[in-house]
Amino acid sequence: MSIALAGCSLISSGDAKRDESGKPTESSVADVFKVKIGDCIAQPKGEQFRNVSVIPCDQGHDLEAFATKDLEDSSYPGDSALVTRSEEYCVAEFATFVGKAFDESVLEMMYFHPSRETWSAGDREIVCLAGGTSGASITGTLKGAAR
């Protein structure tokens, strides 16, 4: 199952607490636009949100960011076009990350994409996220999990 979520941030919460290498050092609330590949997060609430809880991956979490892509469109392509493009991109990247095609996997996938409001503020990023079966909590990374 894949789910699309639109980030919405006009007031920044800032970034997660990170070490010199960029890995989160403790659970903290961060602006949705600060999520990086390899970040583990708690399931966001609702369909549009400003912040996410970034959690060190060695602690229980719901999702892991595994790919990002910046869109180059000059004007907002529309919600349905963003959903289609996000899903196509994330499904293609899923197999590389997990080691198994999405349609053969028991894992779930979500993605963040710009909303009309965030697009006008410069947001162009798609963020792909993998999660446990039926929303189960994960400890560690899903990279190479092949499930």
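Just above sits the structure.
None of the values given here were measured: they were computed from a predicted structure.

> Help me out: how do you make sense of the environment of Y76 in this one?
Of note, Y76 is situated in the loop between β6 (63–70) and α1 (79–98). Its relative accessible area of 15% is what places Y76 among the buried residues. Spatially, the C-alpha atoms of Y76 and G46 are 22 Å apart, while their sequence positions differ by 30 residues. Every residue in contact with Y76, bar those within four places of it in the chain, is listed here: L82, P114, S115, R116 and W119. Here the side chain of Y76 touches R116 through a polar contact of 3.5 Å, landing on its backbone nitrogen.

> How should I be thinking about the pairing of β6 in this particular structure?
Looking along a regular strand, one sees the side chains alternate between the two faces of the sheet. In the sheet, strand β3 (residues 40–41) pairs with β6 via 2 bridges, with the strands oriented antiparallel. What sits directly across from C40, in β6, is E64. Relative to strand β8 (residues 125–131), β6 runs antiparallel, the two sharing 7 bridges. Its bridge partner being in β8, A67 is matched across the sheet by C128.

> Can you walk me through the pairing of strand β5 (residues 51–55) in this structure?
Pairing of strand β2 (residues 28–31) with β5, which is carried by 4 bridges, proceeds in the antiparallel orientation. In the strand pairing of β5, V29 is matched with S53. Pairing analysis gives 2 bridges linking β3 to β5, with the strands arranged antiparallel. Residue pairing across strands places C40 opposite I55, the latter belonging to β5.

> Can you walk me through unusual backbone geometry in this structure?
Trans peptide bonds make up most of the peptide bonds, and negative phi angles are found at most residues other than glycine. One non-glycine residue, A146, adopts positive backbone phi at about 50°. As for its position among the elements, A146 is in the segment after β8. In this structure A146 comes out as partly exposed when scored by relative accessible area, which is 42%.

> How should I be thinking about the nonpolar core in this particular structure?
As a rule of thumb, soluble globular proteins bury nonpolar side chains together. Counting 20 residues, the largest nonpolar core has F66, C90, F94, M109 and C128 as the members making the most contacts within it. Those elements that provide at least two residues to this core are β6, α1, β7 (108–114) and β8. Per element, the largest residue contribution to this core is 6 residues, and it comes from α1. Setting aside residues up to four positions removed in sequence, C90 forms contacts with F66, M109, Y111, I126 and C128. In terms of nonpolar packing, the next biggest core, distinct from the first, is built from 14 residues, V35, I41, F49 and V127 among them.

About the thresholds
- Residues numbered from 1 in each chain as written.
- Predicted model: local features only at pLDDT ≥ 70, side-chain atom pairs only at ≥ 80, totals over all residues.
- Heavy atoms only, no water.
- Helix = DSSP H or I, 4+ residues; strand = E, 2+ residues; numbered from the N terminus.
- Buried < 20%, exposed > 50% of the residue type's maximum accessible area, 1.4 Å probe, protein only.
- Contact = heavy atoms within 4.5 Å.
- Polar contact = N/O pair within 3.5 Å; in protein donor to acceptor, adjacent residues only side chain to side chain.
- Pairing = 2+ DSSP bridges.
- Core = buried A, V, L, I, M, F, W, Y, C linked by side-chain atoms within 4.5 Å.

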